[in-house]
Amino acid sequence: MRRNVVRYMVLTQVLIFRDISMQVRRRLPTLDTIVAAGFMTEAERDKYSVYNNKLKEIKCNPHFLPIQWCYAILFEARTSGKLSCDLMLNEIVKVCPHQCSLSEMSNHPSNIKHIGEFRRGLAQLANFDWVPIPLVYPQVSNLLNLYTCHAGVGQTLPVPAEIPNSWVVFLAVRSYFFLCLIARQSVLIDGEPPKDENMLYPMVPFAMTALQYIFYVGWMKVAESLMNPLGEDDDDFECNYLIDRNLRVGLTIVDDCYGDLPLQQKDNFWGADAIEPLYSAESAVKAVYPQIGSAANYE
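Starting from 1, residues in each chain are numbered consecutively following that chain's sequence as written. Since the coordinates come from a predicted model, pLDDT governs what is reported: local features require at least 70, and pairs of side-chain atoms require 80 or more to be given and counted, while whole-chain, interface and lining totals use all residues. Heavy atoms throughout the structure, all of them, feed into the side-chain values; hydrogens and water do not.

1. Observations regarding the overall build of the protein
Helix numbering and strand numbering both begin at the N terminus, where a helix is a DSSP run of H or I of at least 4 residues and a strand a DSSP run of E of at least 2. Secondary structure summary: the protein contains 13 helices and 0 strands in total. Along its sequence from the N terminus, the protein presents helices and strands in the succession α-α-α-α-α-α-α-α-α-α-α-α-α. Counting all 299 residues of the protein, 30% fall into the buried class. Carbon and sulfur atoms make up 59% of the accessible area of the protein, which amounts to about 21400 Å² in all. Each residue is placed in one exposure class: buried if its accessible area under a 1.4 Å probe, protein chains only, is under 20% of its type's maximum, exposed if it is over 50%, and partly exposed if it falls in between. Each accessible area is a Shrake-Rupley estimate made with a 1.4 Å probe; only the visible protein chains count as cover when residues are assessed.

Structural data, given as structure tokens:
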């Protein structure tokens, strides 16, 4: 039971990451690959596929199913006596503060708040991927750049009803500076450039275009890196490592570490008048600043 609870939680993470991370999607493109990787059994795949077909009409994935299996295992463990008290089940599943019996919890799943912060964190990741907040920043700023571009060449555009997708916005910024190369050049009058005694005249369009390019393209590059932190870039999160790490550490905790205690002996400070842990020669000479309130020394 302990192994299955850990595996179901990691399975939920796998199912969520497959929808929001391309590196996990490429590694596990289908349910069969998830079964082959060991995160899911064939019977669990068949059960998951049944609910997946039921929810296809509303375009919803049954990612909640492994968490529901965790709840069922925990309730079964409590009824069979493997969990010694309701308090232990309460700490694992976190029911509502008001007292309720085990039968009430089984009959009213809404009383269950969460199985740790794990499921809630995965739900937040899915919501952030659904409505990518960082995209508002590049879309609004770069959309203004696009309209500035058209205003510079003497055109007007109606305000669109919806903000365009990110790739349209990034293309608009590049198109803006491409048009700036043409629109901000000096116009020949009678075959000759305009005559102006002011030396700053030819430098102003060049300097303003250079500053706009530095700031706008710099902001756009930052927005591109913020757009998908779970992607395949070198500085993105290692989602595959997180999945493997959670599975290995979780199974090690419930199998190898469960009930495996070292020999209980007296520690080095047993009976000592002053407890002074050892410092290295380099760290011993550094000053130590204890946690004292800023107003503690005032009388």
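Following the structure, the description resumes.
2. Regarding the nonpolar core
Grouping buried Ala, Val, Leu, Ile, Met, Phe, Trp, Tyr and Cys residues that are joined through side-chain atoms within 4.5 Å yields what is termed a nonpolar core. In this structure, Leu11, Val14, Phe17, Ile34, Phe39 and Ile243 are the most contacted members of the largest nonpolar core, which totals 38 residues. Sorting elements by how many residues they give to this core places helix H1 (residues 2–20) first, with 11 residues. In this analysis, two residues are considered to be in contact whenever any of their non-hydrogen atoms come within 4.5 Å of each other. Aside from chain neighbours lying at most four places away, what touches isoleucine 34 is Leu11, Val14, Leu15, Arg18, Leu28, Phe39 and Met40. Counting residues in each nonpolar core, the second largest holds 7 residues, with Phe170, Tyr176, Cys180 and Val217 among its members.

3. Observations concerning the confidence of the model for the protein
Mean pLDDT over the protein stands at 75; residues scoring 70 or higher make up 73%. Residue-level confidence of the predictor is summarised by pLDDT, bounded by 0 at the bottom and 100 at the top. Mean pLDDT in the protein bottoms out at helix H7 (residues 102–107), which sits at 38, and peaks at helix H3 (residues 31–37), which reaches 93. Across residues 95–113 the pLDDT falls below 50, and counting only partners more than four positions away or on other chains, this stretch makes 25 contacts in the model. Below a pLDDT of 50 lies the segment residues 138–164, which in the model reaches 31 contacts outside its immediate sequence neighbourhood of four places, other chains included.

4. Here's the deal with the packing of H1 against helix H8 (residues 117–130)
Inter-axis angles, ranging from 0 to 180 degrees, are taken between N-to-C directions of lines fitted to C-alpha atoms, where helices are fitted over the stretch in contact. Following both chains from N to C, one finds H1 and H8 inclined at 5°, their axes separated by 10 Å at the closest point. Taken together, the axes of H1 and H8 are roughly parallel relative to one another. Each of Met9, Thr12, Gln13, Ile16, Phe17, Asp19 and Ile20 in H1 lies in contact with H8, whose residues at this interface are Phe118, Leu122, Leu125, Ala126 and Asp129. Throughout, the term roughly parallel applies to angles under 35 degrees, roughly antiparallel to angles over 145, roughly perpendicular to angles from 65 to 115, and oblique to all others.

5. Concerning the side chain of serine 21
Here serine 21 is to be found in the loop between H1 and helix H2 (22–27). By relative accessible area, which is 2% here, serine 21 ends up buried. The contacts of serine 21, once residues within four sequence positions are left out, are Leu230 and Cys239.

6. Re the environment of alanine 123
Considering the arrangement of structural elements, one finds alanine 123 in helix H8. With a relative accessible area of 31%, alanine 123 lands in the partly exposed category.

7. Some words on the pattern of salt bridges
Should a side-chain nitrogen of Lys or Arg be within 4 Å of a carboxyl oxygen of Asp or Glu, the pair is scored as a salt bridge. Applying the stated criterion to the full structure yields 6 salt bridges. Across the salt bridge formed by arginine 3 and aspartate 255, the nearest N and O atoms sit 2.0 Å from each other. In this pair, arginine 3 sits in helix H1 while aspartate 255 sits in the loop between helix H12 (239–254) and helix H13 (281–284), placing the two residues 252 residues apart along the sequence. Between aspartate 32 and arginine 45 there is a salt bridge whose closest N-O contact spans 2.8 Å. Linking aspartate 32 in helix H3 with arginine 45 in helix H4 (residues 42–54), this pair joins segments that are 13 residues apart in sequence. Three or more residues are tied together by salt bridges with common partners; here these are Asp32, Arg45 and Asp46.

8. Quick notes on helix H5 (residues 65–79)
Helix length check: H5, at 15 residues, gives a terminal C-alpha distance of 21 Å against a target of 21 Å (1.5 Å per residue), a fit within 8%. With 11 of 15 residues buried, H5 lies mostly within the body of the structure. Those residues of H5 lying buried are Leu65, Pro66, Ile67, Trp69, Cys70, Tyr71, Ile73, Leu74, Phe75, Ala77 and Arg78. Among the residues trailing H5, glycine 81 stands out with phi positive, at a value near 90°. A helix is expected to reach a length of 1.5 Å times the quantity of its residues less one.

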